[in-house]
Amino acid sequence: MNEITAAIPRPNNLDAFWMPFSDNRYFKAHPRLLARAEGMSYYTPDGREILDGTAGLWCCNAGHGRREITEAIQRQAAVMDFAPTFQLGHPVAFEAAARVAEITPPGLDRVFFTNSGSESADTALKIALAYHKARGEGSRVRLIGRERGYHGVGFGGMSVGGIGPNRKQFGALLPYVDHLPHTHLPQRNAFSRGQPEHGAELADALEALVALHGAETIAAVMVEPVAGSTGVLVPPRGYLERLRAICDRHGILLIFDEVITGFGRLGANFGAERLGVTPDILTMAKGLTNAAVPMGAVAVKGAIYDAVVNGAPGGIELFHGYTYSGHPLAAAAAIATLELHRREDLPGRARAMEPYWQEAVHSLKGLPNVVDIRDFGLIGGIELAPRPGRPGARATEVFRRCFDAGVLVRVTGDIVALSPPLIVERHQVDRIVGTLGEAIRAEAA
Ligand SMILES: Cc1ncc(COP(=O)(O)O)c(C=O)c1O
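Since this is a predicted model, take the numbers as computed values, not measurements. Here the residue numbers are simple positions, counted from 1 along each chain's written sequence. Since the coordinates come from a predicted model, pLDDT governs what is reported: local features require at least 70, and pairs of side-chain atoms require 80 or more to be given and counted, while whole-chain, interface and lining totals use all residues.

Q: Just to check I follow, could you spell out the overall build of the chain for this structure?
A: The numbering of helices and of strands both runs from the N terminus, where a helix is a DSSP run of H or I of at least 4 residues and a strand a run of E of at least 2. Helix and strand counts for the chain stand at 17 helices and 15 strands. At 22 Å, the chain has a C-alpha radius of gyration in line with the 22 Å of a compact globule built from 445 residues. For the chain, the spread of C-alpha atoms along the principal axes amounts to about 65 × 55 × 45 Å. Across the chain, the fraction of contacts at a sequence separation of at least 24, relative to all contacts at a separation of at least 6, is 74%. Between the two quantities, the radius of gyration covers C-alpha atoms and the globule rule is 2.2 Å times the number of residues to the power 0.38. Our contact criterion uses C-beta atoms placed from the backbone: two residues qualify when those atoms are within 7 Å.

Shown next, in the form of structure tokens:
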């Protein structure tokens, strides 16, 4: 045991922590702990290296333990630990917002801070409703999401999201919500490289919802440019363009949830830029601070800010906000992270690695039970045939085998999702994909 691992605290009781989105009983019987992180890797309490194939949870795009970010947080903590942003301000929050606005798509230059992706999703939906109300279109109360969409776990994001198991424990949810069909067409698009060819016409389902409900009742449509949490669903060519055109035709706001697609993941600052479609509102979190301190944000078009803020009679304009909106430590981490992104051109690095990544991920085609492979930017999704009567079991076993062999992957259902830090190098791509291939072979039976 070296000096660093000796200093790592070891829990003597796993009972108290009710773990989120976890099989608590299994975990507590078979704990897998991560205790330290640096660069491309985690380390277990006993010092075993785990190569990070998932950037934590789609978060640490610049790699782990970046000194510049750590030092910015330490400096800020020493200068001012906290200051409110309700009717007061502090310089770091304003600076962080200005830095975010430098890289958001053109026109989305007003930034509201939150603490997570879930809060960003709910904030975006509330801003959309407030915008229409401010313009005298208070009848626009309907929110449209998409099947298999994930927008976090607040009541707004959960309702607009399209994942059955995430909703069914929690009662009636929000009223006036409807959903577009998802864009996953394995019969026509299996093993597509990058954006699939087929399915742009699925956007026309929005016209059907307009016909059903009336445009004058619809406030916004929220989608992920690439759906990550439900297994890497890449938008068919032309789909988002078509969605944008229909929204424009009917005065509906288009919200992109870029919580995982932002900050270089798709080889550009945001998915909007990579895909050439600009939303009206864009949510972000995770990579904003490299996850070193929790922070999210919502960027909106100037016209939306103007309608809500300048349209108000005076006093508070938007009755919404969090104690920690623009928290000094998070804002300092965001500024340092954005500086790293610029200096190291992380989006450009991801774009340059993309062809190699794509080749590597698609090399798993032909392994037992691999029924589809999808990729875009530095994301990969490998879909496995489920074990009869035990959905998710095969991929979960693959995850455990990979972990025990020193590689972190993520599973959702029977899909293995990969999203390494954007600093990943070729030999690390080979190790991630090679280890995954061996685990898939081992689970062939
Ligand atoms: C697209 C999207 N939106 C929202 C969220 C929720 O973010 P958080 O867990 O930070 O609340 C996630 C999390 O993975 C996400 O992928």
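Q: Whenever I open this one, helix α6 (residues 117-134) confuses me. Can you help?
A: Given 3.6 residues per turn, any residue in an α-helix points the same way as the ones three and four places further on. For a helix, the expected span equals 1.5 Å multiplied by the residue count minus one. Spanning 18 residues, α6 covers 25 Å between terminal C-alpha atoms, matching the ideal 26 Å at 1.5 Å per step. Three exposure classes are used, based on other C-beta atoms lying within 10 Å of a residue's own C-beta, which is placed from the backbone: buried for 20 or more, exposed for 12 or fewer, and partly exposed in between. Burial of α6 is extensive: 14 of the 18 residues sit out of reach of the surface. The first or second residue beyond α6 is G136, which carries a positive phi of 80°.

Q: For this particular structure, what's the right way to read the site of the ligand?
A: As a rule, any residue with its backbone-derived C-beta atom within 6 Å of a molecule or strand is reported as near that molecule or strand. Lining the immediate surroundings of the ligand are 14 residues, of which S116, G117, S118, G152 and V259 lie closest. For the shell around the ligand, the element with the highest residue contribution is α6, accounting for three residues. Side-chain classes follow a simple rule in which Ala, Val, Leu, Ile, Met, Phe, Trp, Tyr, Cys and Pro form the nonpolar group, Asp, Glu, Lys and Arg form the charged group, and the remainder, Gly included, forms the polar group. The residue inventory of the shell around the ligand, partitioned by class, reads five nonpolar, seven polar and two charged.

Q: Quick question: what am I supposed to make of the packing of helix α16 (residues 393-404) against helix α17 (residues 426-442) here?
A: All axes are obtained by fitting lines to C-alpha atoms, using only the stretch in contact for helices, and the reported angles, taken between N-to-C directions, cover 0 to 180 degrees. Between α16 and α17, the least distance of the axes is 9 Å, while the angle of their chain directions is 130°. As summarised for this structure, α16 and α17 are arranged oblique, according to the angle between their axes. Considering the relative orientation of α16 and α17, their crossing is right-handed. Together, V398, R401 and C402 of α16 and T435, L436, A439, I440 and A442 of α17 make up the contact between the two elements. Residues belonging to the contact of α16 with α17 are distributed by class as follows: six nonpolar, one polar and one charged. In these notes the angle categories are as follows: under 35 degrees is roughly parallel, over 145 is roughly antiparallel, 65 to 115 is roughly perpendicular, and the rest is oblique. Note on convention: the crossing is left-handed when the near helix lies turned anticlockwise from the far helix by less than a right angle, right-handed when the turn is clockwise.

Q: When you look at the sheet that holds strand β5 (residues 142-146) in this model, what are you seeing that I'm missing?
A: Pairing is mixed in the open sheet, where seven strands are placed in the order β4-β10-β9-β8-β7-β5-β6. Strand pairing shows two members of the sheet lacking a second neighbour, β4 (110-114) and β6 (177-180), which therefore form its edges. Put simply, the sheet's adjacent strands are angled 20° from each other on average, direction ignored. A strand pair is defined by DSSP finding two or more bridges across the two strands. Where strand β9 (residues 281-284) and strand β10 (residues 296-300) come together, four bridges link them in antiparallel fashion. Pairing of T283 across the sheet is with V298, part of β10.

Q: I keep staring at unusual backbone geometry and nothing clicks. Help me out?
A: Leaving glycine out, the prevailing phi sign among residues is negative, and the prevailing peptide bond configuration is trans. Even without a glycine there, the phi angle at F263 is positive, about 60°. Turning to its location among the elements, F263 is positioned in the loop between β8 (253-257) and α12 (271-275). In this structure, A291 is a non-glycine residue whose phi angle is positive, near 70°. Within the fold, A291 resides in the loop between β9 and β10.

Q: Honestly, the packing of α6 against helix α13 (residues 302-310) in this entry has me stumped. Any pointers?
A: Describing two packed helices takes the angle between their axes plus the distance from one axis to the other. Here α6 crosses α13 at 65°, and the two axes come no closer than 9 Å. As for how α6 packs across α13, the hand of that crossing is left-handed. On α13, the residues touching I127, A130, Y131 and A134 of α6 are I304, A307 and V308. Considering only residue class, the contact of α6 with α13 consists of seven nonpolar, no polar and no charged.

Q: Could you clarify how one ought to interpret the environment of W58 in this entry?
A: Within the secondary structure layout, W58 lies in helix α3 (residues 55-58). Separated by 361 residues in sequence, W58 and S419 have C-alpha atoms that sit 6.2 Å apart.

Q: Would you explain the nonpolar core in this entry?
A: Soluble globular proteins tend to pack their nonpolar side chains together in the buried interior. Only buried residues count toward a nonpolar core: Ala, Val, Leu, Ile, Met, Phe, Trp, Tyr and Cys, linked into one set through C-beta atoms within 7 Å. Of all hydrophobic cores here, the largest spans 126 residues; its most connected members are V221 and A333. Considering every element that reaches this core, the biggest residue donor is helix α14 (residues 328-344), with 10 residues. Domain ranges listed in this record stem from an automatic or a database domain assignment. Composition of this core by domain shows at least three residues from each of domain 1 (24-65 + 345-442) and domain 2 (69-343). Contact partners of A333, with chain neighbours within four places excluded, come to I69, A72, I73, T289, A292, V293 and M295.

Q: How should I be thinking about the sheet that holds strand β1 (residues 36-38) in this particular structure?
A: Sheet strands pair by backbone hydrogen bonding; their relative direction is either parallel or antiparallel. A sheet is described by the order of its strands in space; here four strands give the open sequence β1-β2-β3-β13, paired in mixed fashion. In this open sheet, the two edge strands, each paired with only one partner strand, are β1 and β13 (407-408). One ladder, built from three bridges, connects strand β2 (residues 41-43) with strand β3 (residues 49-52); its direction is antiparallel. For S41, the partnering residue across the bridge sits in β3 and is L51.

Q: Is there a simple way to think about the domain arrangement of the chain in this case?
A: Note on interface size: it is often stated as the accessible area lost on association of the parts. Parsing the chain into structural domains produces domain 1 (24-65 + 345-442) and domain 2 (69-343). Here the C-alpha centre of domain 2 lies 26 Å away from the C-alpha centre of domain 1. Those elements that place two or more of their residues in the side of domain 1 that touches domain 2 are α3, α15 (346-362), β11 (370-376), β12 (379-384) and β15 (415-418). Per element, the largest residue contribution to the side of domain 1 that touches domain 2 is seven residues, and it comes from α15. Residues of the side of domain 1 that touches domain 2, tallied by class, amount to 14 nonpolar, 11 polar and seven charged.

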